[in-house]
Amino acid sequence: EAGVVQSPRYKIIEKKQPVAFWCNPISGHNTLYWYRQNLGQGPELLIRYENEEAVDDSQLPKDRFSAERLKGVDSTLKIQPAELGDSAVYLCASTTSGSPLDEQYFGPGTRLTVT
Amino acid sequence: AQTVTQSQPEMSVQEAETVTLSCTYDTSESNYYLFWYKQPPSRQMILVIRQEAYKQQNATENRFSVNFQKAAKSFSLKISDSQLGDTAMYFCAFFPYGQNFVFGPGTRLSVLP
């Protein structure tokens, strides 16, 4: 079975440009997470979805970040406009449900470099 | 705010030896879970081991075991018989029930041949 798929794997853009990341979770996983991982740090939650509903977006910088999970399957995270400080790895993860008893599976991440 | 601290940014261990990675956390919650995740170089993060806070018995998974000290809010990971494939970043994570994961800054472990 395929794991969590993310694309692109790498993205280099100039500041003020828009960028979008895509995530396809494991089939049947209702809960989807987007994390940002700065260099040398642990992941920080940006947003959590239960099916198509964003149940926790308190850490999402809403002035420039947006996310959607239409139909409760794959998800897109967008930044517009990007800033230098947005350079990081953006990780997507999924679980069967939001319970910590369900193992969280991570994708390979998208490494964003903003120049 | 709930925080996770990993005081060892980097560690190294000789192959076949034992190493312990430290983790402390700060919370007022009584129901939570603790995790250790492994992130190998250029590979996906994977779960190593999980501990439920209400369980006194320390979790073990093959060569990996934890020392959970709830009163001290400490959750260390012991890797026995270290292998070259254990080289990775290790993240301690805390999950208060009904909330979300909080990850520590990580410890970079190098297993030396």
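Refer to the preceding data block for the structure.
Keep in mind that this is a model prediction, so the values were computed, not measured.

Colleague: Can you walk me through the packing of aromatic side chains in this structure?
Modeller: Aromatic ring pairs are described here by two measures, namely the spacing of the ring centres and the angle between the planes. Applying the stated rule across the entire model yields 19 aromatic pairs over all chains. Taken together, a centroid distance of 6.3 Å and an interplanar angle of 20 degrees make the contact between W36(B) and F75(B) stacked. Placement of W36(B) in strand 5 (residues 32–39) and of F75(B) in strand 9 (residues 74–79) is noted, with a sequence separation of 39 residues between them. Relative accessible area serves as the criterion here: at 0%, W36(B) is assigned to the buried category. Members of the aromatic cluster, connected to one another through ring pairs, are Y33(A), Y35(A), F106(A), F35(B), Y37(B), F95(B), F101(B) and F103(B).

Colleague: What is the right way to read the interface of chain B and chain A from this model?
Modeller: Frequently, the measure chosen for interface size is the accessible area removed from exposure when the parts meet. The interface of chain B with chain A comprises 18 residues on the first partner and 21 residues on the second. Taken together, the two surfaces of chain B and chain A that pack against each other cover about 1,600 Å², and 54% of this comes from carbon and sulfur. Looking only at chain B, the three residues that lose the most surface to chain A are Q44(B), N100(B) and F103(B), adding up to 31% of its buried area. Our enumeration of links across chain B and chain A arrives at 0 salt bridges.

Colleague: Which parts of the structure should I look at to understand the pattern of salt bridges?
Modeller: Any two side chains of opposite charge can pair, on the condition that their charged atoms come close. The final tally for this structure, using the stated rule, is 7 salt bridges over all chains. Between E50(A) and R48(A) there is a salt bridge, with the nearest N and O atoms lying 2.5 Å from each other. R48(A) gets classed as buried once you look at its relative accessible area, which sits at 11%. In this structure, the salt-bridge partner of K55(B) is E52(B), at a minimum N-O distance of 3.5 Å. For K55(B), a relative accessible area of 40% puts it in the partly exposed group. Through salt bridges with shared partners, a single network forms among R36(A), R64(A), E83(A) and D86(A).

Colleague: For this particular structure, what's the right way to read the state of the cysteines?
Modeller: Every disulfide links exactly two cysteines, by a covalent bond between their sulfur atoms. Residues and elements named next belong to chain B. Taken as a whole and judged by the stated rule, the model has 2 disulfides over all chains. Residue C23 pairs covalently with C92 via a disulfide, S to S 2.0 Å. On the sign convention where negative means left-handed, the S-S torsion of about -70 degrees between C23 and C92 marks this disulfide as left-handed. Of the two residues, C23 sits in the loop between strand 3 (19–21) and strand 4 (24–26) while C92 sits in strand 10 (residues 88–96), which places them 69 residues apart along the sequence. Residue C23 is classed as buried on the basis of its relative accessible area, which comes to 2%.

The rules behind the values
- Residues numbered from 1 in each chain as written.
- Chains lettered and ligands numbered in written order.
- Predicted model: local features only at pLDDT ≥ 70, side-chain atom pairs only at ≥ 80, totals over all residues.
- Heavy atoms only, no water.
- Phe/Tyr/Trp six-rings, centres within 6.5 Å; stacked < 30°, edge-to-face > 60°.
- Helix = DSSP H or I, 4+ residues; strand = E, 2+ residues; numbered from the N terminus.
- Buried < 20%, exposed > 50% of the residue type's maximum accessible area, 1.4 Å probe, protein only.
- Contact = heavy atoms within 4.5 Å.
- Buried area = accessible area lost by both parts, 1.4 Å probe.
- Salt bridge = Lys/Arg side-chain N within 4 Å of Asp/Glu carboxyl O.
- Disulfide = S-S within 2.5 Å.

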